[in-house]
Each structure stands twice: as C-alpha cells, then as structure tokens.
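# Remarks on the overall topology
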Amino acid sequence: MDAPAPVRNTEEPWTTTRLLRWMHEHFERQRIDAPRVCAEMLLARALGCDRMRLYMDPQRPASAEERALLRDFVRRVVAHEPVQFVVGEAWFFGRPFRVSPATLIPRPATERLVEEAITHLRAVHGASDGASEPSRVLDLCTGTGCIAISLLRTKGFSVAITASDFAPDALDLARENARRHGVEERLTLLQGDLYAALSPNHSKFHLIASNPPYVADSEWDDLEPNVRLHEPPLALRGGADGLDLVRRVVTEAPAYLEPGGLLLVEIGHAQRDAALDIAAETQGLTQAEVLPDHEGFNRVLRARAAVS
Ligand code: GLN
C-alpha cells in the first residue's frame, strides 16, 4: 500500500475504463457538450456494443483497430460534428433512429409534440369506441420520421400516417427508420413542398403534426457550431422571422383537417406571440395555445379545426 506508485508502463492496455476517462477529460477541455455521454456513445459504436455493455466489461482492452476508429470519431467530435452523426444514430421517445446530414437530428423538445399527439389520438380512439378505421395523421417535414414512427409504435389507438418532406434523402432515411421499427406498411412517404405533396382529393386528417424549419435569420449566427455547420440549413432556416413555413402550415391547415381535428406545430421559444397571431387570423382554427417543452420553453402551437 505504502510502496511508491510504479512508473506507469506505457504498454498499459487501453481498457474501456481508461478510454472513457481519457475521452471524458479531453471533451471537457474542448468544451464539448455532455462529455461523458459523448464518450460512451463513441466507444460503444467503436466496439459495436450498446452503452450498458461498457459498464459490464470495464477492463476489456480495445484492439488497435478499435482505437484507430475511436481516434477518428474523437477528432470529428472535437471539430463540432454532432456525435449523433458520428455514430449515425439518435434516440427519440425511447427509440433509436438512424440520422444523417440529410436532415435534422431529433431533439428532446419535439417529444412534447408527440405526447400531445398521443393524448389527442387516444381521445379520438376512445370517442369512436375503438371500432372504427385508423385515425388519419399528416406529418409535414418528417425528416428522420421520428414523430410519425413514434406515433405508429404507440399502443392504445390505431393510426395511418402520411408523412412528407421536401428532401428526397430525408425520405430515404424516414423509410429506413420505418422499416427498422416495423411500421412501413402504415406510413406513406411523399416528397413535396408541405401540403403540395398530397394528392388533391386526399381524405382529411384527424391530426396534423409538424416540426418545420423555424430558425430566424437573426438567430442563425448564434446557433451552436455543431448545428450551424453540420445540420442542413434547409431543415432549420425559416426566413427573416423564422415563420415562413410555420405560417403556411398553420394557415393552410383548416383545408386539410377533419372538423375538431388537431394541429400541432413546433415553434421557437421567441415565436409564441407571432404564432398565436397567425392562428388567430386563420379562419377555421380555434382554441390556439402554445405549450412549453420539458425545459419550460414555448415550443408547441396547438389549435383545433372548428367543428362547423
Ligand atoms: N430547435 C432547433 C434548433 O434551434 C430547430 C428545430 C427546427 O428548426 N425545427 O436547433
């Protein structure tokens, strides 16, 4: 116990514990967000296991190939590439989704919108005794498909979802995620500019959900570099006030909603009043409200289609 610590053998193996500690400290020094989680995600990917597994085998030595892979991952993260792009995956609503620079990385704030959607769909289901056909849902700007797929995987109601995106490569990703979660036969994916993706005689929807781009031009330079330099501007930027797409999603919604149908649109924290104004000026929408996300930020515009 009292003997002087032996000189560290440079051949000391790079075990899981040692690699995690090294990355954690390195990321902290480089001011990378969530340094520990980041280290765990990268190591789990390099070793081809899940994060829990790391703690079950802390003394496992990494091979030279694994360490080379990890070094590349670490370099990319230090250069502000989002860790989700490096590992190709992000978790949303308790499930893993494949991600790529084709579209936005799913954010925890968007889970708030999913929860609201679930509450509404359960109510619709209950009101119809559960015996009727599936509720029709439209997801505009679906991106990875995370909103649509989370709803399709939720129990307690039955839905058929039409999801659209402007970016064909985002739709490929959504298709891959739908397949991964076994819901592709209930998800129709359409390319197009918001509602223009739909055929003219499409049935109306019980729910329209959307997380459109909404970052205002004035906010762009202040975004974190991992967002601004790596996620696609097409999925983020909403013009001068950020509301170019939100405005179109909201004002055109009544034409596509069943009477009493619900509209849920994600917005930015500073857009609460402007979004409520847009809803108030839209004929056929009532009960507009803005709900906070889990961090207390204004996040989801909710409104109903008038019943008559
Ligand atoms: N909340 C995201 C951000 O500020 C933007 C999401 C979006 O545009 N839909 O990074």
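Look a little higher up for the structure.
Structure report, in brief. (Residues numbered from 1 in each chain as written. Predicted model: local features only at pLDDT ≥ 70, side-chain atom pairs only at ≥ 80, totals over all residues. Heavy atoms only, no water.)

### Some remarks on the overall build of the protein
Counting secondary structure elements, the protein contains twelve helices and nine strands. Out of the 308 residues belonging to the protein, those deemed buried represent 50%. Once local pairs closer than 6 in sequence are excluded, the contacts in the protein between residues at least 24 apart make up 67%. Total accessible area on the protein is roughly 15500 Å²; 51% of this is exposed by carbon and sulfur atoms. In the protein, which carries 35 positive and 44 negative side-chain charges, the distance between the mean positions of the two groups comes to 5 Å. (Helix = DSSP H or I, 4+ residues; strand = E, 2+ residues; numbered from the N terminus. Buried < 20%, exposed > 50% of the residue type's maximum accessible area, 1.4 Å probe, protein only. Contact = heavy atoms within 4.5 Å. Areas by Shrake-Rupley, 256 points an atom, 1.4 Å probe, with all protein chains shown as cover. Lys, Arg positive; Asp, Glu negative; His and termini not counted. Charge placed at Lys NZ, Arg CZ, Asp CG, Glu CD.)

### Section: the nonpolar core
Among the nonpolar cores identified, the biggest contains 30 residues, and L151, I161, L187 and L207 are the most heavily contacted of them. Among the secondary structure elements, those contributing two or more residues to this core are α6 (110–127), α7 (146–152), β4 (159–165), α8 (168–180), β5 (187–191), β6 (205–210) and β7 (257–266). If one sorts the elements of this core by residue count, α7 sits on top with six residues. Once residues within four sequence positions are removed from consideration, L187 is found in contact with A148, I149, L152, I161, A163 and A178. (Core = buried A, V, L, I, M, F, W, Y, C linked by side-chain atoms within 4.5 Å.)

### Focus on helix α1 (residues 16–29)
Between its first and last C-alpha, α1 extends 20 Å over 14 residues, near the 20 Å set by a 1.5 Å rise per residue. Those residues of α1 lying buried are T16, R18, L19, L20, M23, H26 and F27. Looking at the buried side of α1, the elements it contacts are α2 (35–47), α3 (51–56) and α4 (64–78). Residue R31 follows α1 closely and has a positive phi angle near 55 degrees. (Expected span 1.5 Å × (residues − 1).)

### Examining the side chain of E266
Mapped onto the secondary structure, E266 falls in strand β7. Buried charge without a salt bridge: E266, with R299 as the nearest opposite-charge side chain at an N-O distance of 4.6 Å. Side chain to side chain, E266 and T110 meet in a polar contact 2.6 Å long. Separated by 2.7 Å, the side chains of E266 and Y214 make a polar contact. When sequence neighbours within four positions are dropped, the list of residues in contact with E266 reads A109, T110, L113, S210, N211, P212, Y214, V246 and R299. (Salt bridge = Lys/Arg side-chain N within 4 Å of Asp/Glu carboxyl O. Polar contact = N/O pair within 3.5 Å; in protein donor to acceptor, adjacent residues only side chain to side chain.)

### Side note on the site of the ligand
Around the ligand sit L104, R107, N211, P212, P213, Y214, V227, A235 and L236, and that is every residue in its neighbourhood. Residue P212 places a main-chain N or O atom 2.8 Å away from a nitrogen atom belonging to the ligand. Protein chains shield 84% of the accessible area of the ligand, which is 300 Å² for the free molecule. Within the shell around the ligand, the residues separate by chemical class into seven nonpolar, one polar and one charged. (Near = heavy atom within 4 Å. Nonpolar A, V, L, I, M, F, W, Y, C, P; charged D, E, K, R; others polar.)

### Examining the sheet that holds β5
A sheet is described by the order of its strands in space; here seven strands give the open sequence β5-β4-β3-β6-β7-β9-β8, paired in mixed fashion. Two strands in the sheet have a free side with no partner beyond their single neighbour: β5 and β8 (285–292). Pairs of neighbouring strands in the sheet enclose a mean axial angle of 15 degrees, with direction left out of account. The sheet contact formed by β8 and strand β9 (residues 298–305) spans six bridges and is antiparallel. Bridge pairing links L285 to A305 in β9. Sitting on the sheet, helix α11 (residues 244–252) is in contact with β3 (135–140), β6, β7, β8 and β9, with an inclination near 170 degrees to β7. (Pairing = 2+ DSSP bridges. Axes fitted to C-alpha atoms, helices over the stretch in contact; angles between N-to-C directions.)

### With respect to the packing of aromatic side chains
All told, the structure shown has four aromatic pairs when counted by the stated rule. For the pair W14 and W22, a centre-to-centre distance of 6.3 Å together with 75 degrees between the ring planes defines the contact as edge-to-face. Residue classification places W22 among the partly exposed residues on the basis of a relative accessible area of 35%. Three or more aromatic residues joined by ring pairs form one cluster here, namely F92, F93 and F97. (Phe/Tyr/Trp six-rings, centres within 6.5 Å; stacked < 30°, edge-to-face > 60°.)

### Some details on α8
Its 13 residues give α8 an end-to-end C-alpha distance of 19 Å, which sits within 8% of 18 Å, the value for a rise of 1.5 Å per residue. Within the sequence span of α8, burial applies to A170, L171, L173, A174, N177 and A178. Looking straight down α8, one finds its buried side chains confined to an arc of 160 degrees; they lie on one side. Where α8 is buried, its residues meet β2 (95–98), α7, β4 and β5. Looking at the residues trailing α8, positive phi occurs at G182, about 70 degrees. (Arc of directions from axis to C-beta.)

None of the figures reported here should be taken as evidence of function without further support.
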